[in-house]
Amino acid sequence: MGSDWSSPEEREPLLQPPPPAPAALPQHYPPHGQPRRTAAASRAAASRSQGLVPAAPPRSPPPLLPGRVYGRRWLVLLLFSLLGFAQGLVWNTWGPIQNSARQAFPFSKLDIALLVFWGPIGFVPCFFFMWLMDKKGLRVTVLLTSSLMVVGAGLRCVPVSDQETRKWLIHGGQLLNGLAGPTVTSAAPFLSTTWFSPDERATATAVASLIGYLGGACAFLVGPFVVPGPNGTSTVAPGSSPEHIKDRIEAVLYAEFGFVALIFSATLAYFPSRPPFPPSVAAASQRLSYRRSFCRLLSNPRFLMIALAYAIPLGVFSGWSGVLDLILTPKDISQVDAGWIGFWSIVGGCIVGIALARFADFIRGMLKLILLLLLSGATLSSIWFTLTCLTTVSHLPLTTATLYTSGILFGVFLNSSVPIFFELFVETVYPVPEGITCGVTTFLSNMFMGVLLFFLTFYNKEFSWFNWCLPGSCLLSLLLILCFRESYDRLYLDVIVSV
C-alpha cells in the first residue's frame, strides 16, 4: 500500500532511502547537513580524479519536503465514522429491547442471543476484506461494506405476513450487517495514516474507531425509549399490546434503514481512496505484501502478546454489553436502566478515548503507560461490578447508583483503550499494512466474543456468570501489557527522515 500515490517525480523529494539501524545514524546523517557519500559515489569520484570519467556538474540533493494534508480529510473521516456508527447501531438493535421483541415477534431467548451473535460471525470472511483493502484501497472496500449494510437493513423491513419468514429475514439482515464489521472496526488506522499527518494520526484513529461504539451506545438509548417494554417482567406493560410494541419496533427498523441508505449515498457520491499526495513519509513508503504481512505477524511474539491483550478483554466486553439486559433482568433491573448503563459506559469511553488519543499525539512514545493505567482502572471497576451483582456472596448493596457507577467506569476505561491499542499495533509491526494488522486483532477479539456467546447461549442458561469473565480478562490483559516491550518503528521513520 502506498506505492502508487503519485508520480515518481512527486515522490522524489519526499521519499529518501530508508534510514539505517539506530547504530548507523551518525554515518547516515552527518553534522552540518552534508550528504553522506555512498560507496558508489566514492568509486565514481576516484575514477574522475584519475581522468577515466568526465566530471559531472555538481547536483544538490533534493530537499526534504513535509507531507501534504488536505482539508477534505475531515470529510472522509466523518463519512467513515458515520458508517461505523450505523453499523454499531444496527448490530445492537435487539439486545436493549429483548423483552419487548419477544412479545412482538416469535423470538425465543436463543433468537435474541443469535441476533447479537451474527456480529462476530460476520468476521469469518474478514481476511477477504483485508485483502480487498490492501489491493483496491479504501473506496472499493467502503462501498462494498456500505452496500452490505443497506441491503441488510432493508431485509429487516420487508413486510411479510408470515412471522416465521419475517424472523429469518431479520436474522439475514443482521448477518449482512455483521459482514460489514471487519471494515468499520479495523480500517481506522489505515485511514488515519492515509489522510492525516503524524501529529494527528492517533486522534483520527480514535474518532474513526470509537464512533462505531457510539452507535451501539445509541441503540441502548433509542430502543428502550421508543419501544415500550415490560420492564423486566414477563407481561406487557399496561396500555402496550404486542401489536403496538411491534409497530414501534418496525418504526425503529425503518429509521435505521433510512439512515444507512443516506450514508451509502454519501459514500457513493464522494469517498476517495487516498489524497493526491501522501501526508507523511510513512504513508508513502512501500509496505509488505499480503502474504509476507501474515508471516511477519504470526512470527512476531510481541505482536501476538499485545494482540491477545487487546482481543480478550474487548471481546468479553462486546459480548457482555450485547446481552447486558439479559444479565440484569434477574436482578430486577429494567431494560431502560440497563440501556442507560450501556449508553453512558460507551459514550464516556468515546470521549475519554478521543481525549487520550489527542494527548498521545502530543507526547509520543507513551502508549504503553496509558494502556497500563486504563487496564488497571478497568480491572478494579469490573471487580466492583461483579461483586455488586453477587449480593449473596459479597453482601455489597445492590443499588442503581452502584450498578451505574461500576458499569460505566468499566466501559469508560476499556473502550478508551481501543485507539491506543490500534496505534501501538501499527507501530510494533510496521511496515505491515495497517488494515491487515488491525484486521487480525479485531478478528481475534470477535472470535473470543463469539466463543463466549456460543457457550452462554447453548450450554449455560445463566447469563450472570458472564460477569466473572470481566475481571479475569482485564487482569490477564494487564499482565500481558506489563511484559510487553514497546517500539515505535513508524514514528521513527517519520521523525528521522523529516530531520
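Refer to the preceding data block for the structure.
Below: a short report on this structure. (Residues numbered from 1 in each chain as written. Predicted model: local features only at pLDDT ≥ 70, side-chain atom pairs only at ≥ 80, totals over all residues. Heavy atoms only, no water.)

1. A few points about helix 9 (residues 163–179)
Thought 1: Helix length check: helix 9 (17 residues) gives 25 Å between terminal C-alpha atoms against 24 Å at 1.5 Å per residue, within 8%.
Thought 2: Among all positions of helix 9, only Arg166, Lys167, Leu169, Ile170, His171, Gly173, Gln174, Leu176, Asn177, Gly178 and Leu179 are buried. (Helix = DSSP H or I, 4+ residues; strand = E, 2+ residues; numbered from the N terminus. Expected span 1.5 Å × (residues − 1). Buried < 20%, exposed > 50% of the residue type's maximum accessible area, 1.4 Å probe, protein only.)

2. Some details on the packing of helix 4 (residues 73–91) against helix 11 (residues 188–195)
Thought 1: It is the contact of helix 4 with helix 11, at a shortest axis distance of 10 Å, that shows an interaxial angle of 170 degrees. One way to sum up the angle between helix 4 and helix 11 is to call them roughly antiparallel. From helix 4, Arg73, Val76, Leu77 and Phe80 reach across to helix 11, where they touch Ala188, Leu191 and Trp195.
Thought 2: Across the contact of helix 4 with helix 11, the residue classes tally to six nonpolar, no polar and one charged. (Axes fitted to C-alpha atoms, helices over the stretch in contact; angles between N-to-C directions. Parallel < 35°, antiparallel > 145°, perpendicular 65-115°, else oblique. Contact = heavy atoms within 4.5 Å. Nonpolar A, V, L, I, M, F, W, Y, C, P; charged D, E, K, R; others polar.)

3. Comments concerning the nonpolar core
Where a protein is soluble and globular, its nonpolar side chains tend to be buried together.
Thought 1: Residues Tyr310 and Phe421 are the most contacted members of the largest nonpolar core, which totals 75 residues.
Thought 2: The biggest single contributor to this core is helix 16 (residues 301–322), with 10 residues.
Thought 3: Not counting chain neighbours up to four residues away, the residues in contact with Phe421 comprise Ile306, Ala309, Tyr310, Leu371, Leu375, Ser477 and Ile481. (Core = buried A, V, L, I, M, F, W, Y, C linked by side-chain atoms within 4.5 Å.)

4. Some details on helix 13 (residues 242–269)
Thought 1: Taking 1.5 Å of rise per residue, the 28 residues of helix 13 would be expected to cover 40 Å, and the 41 Å separating its terminal C-alpha atoms lies within 8% of that figure.
Thought 2: Looking only at helix 13, the buried set comprises Ile245, Lys246, Ile249, Glu250, Val252, Leu253, Glu256, Val260, Ile263 and Thr267.
Thought 3: The inward-facing, buried residues of helix 13 contact helix 4, helix 5 (98–104), helix 8 (138–155), helix 9 and helix 12 (201–226).

5. Points about the pattern of salt bridges
Opposite charge on two side chains lets them pair, provided their charged atoms get close.
Thought 1: Counted under the stated rule, the structure contains 10 salt bridges.
Thought 2: Note that Arg166 and Glu250 form a salt bridge whose closest N and O atoms lie 2.9 Å from each other. Here Arg166, found in helix 9, pairs with Glu250, found in helix 13; they are 84 residues apart in sequence, far enough to count as distant. Summarising the burial analysis for this pair, Arg166 and Glu250 share the class buried. (Salt bridge = Lys/Arg side-chain N within 4 Å of Asp/Glu carboxyl O.)

6. Quick word on the side chain of Ser146
Thought 1: When you line up the elements, Ser146 lands in helix 8.
Thought 2: A residue is classified by how much of its surface remains accessible, and Ser146, at 1% relative accessible area, is buried.
Thought 3: Ignoring anything within four residues of it in the chain, the contact list for Ser146 reads Leu83, Phe264 and Thr267.

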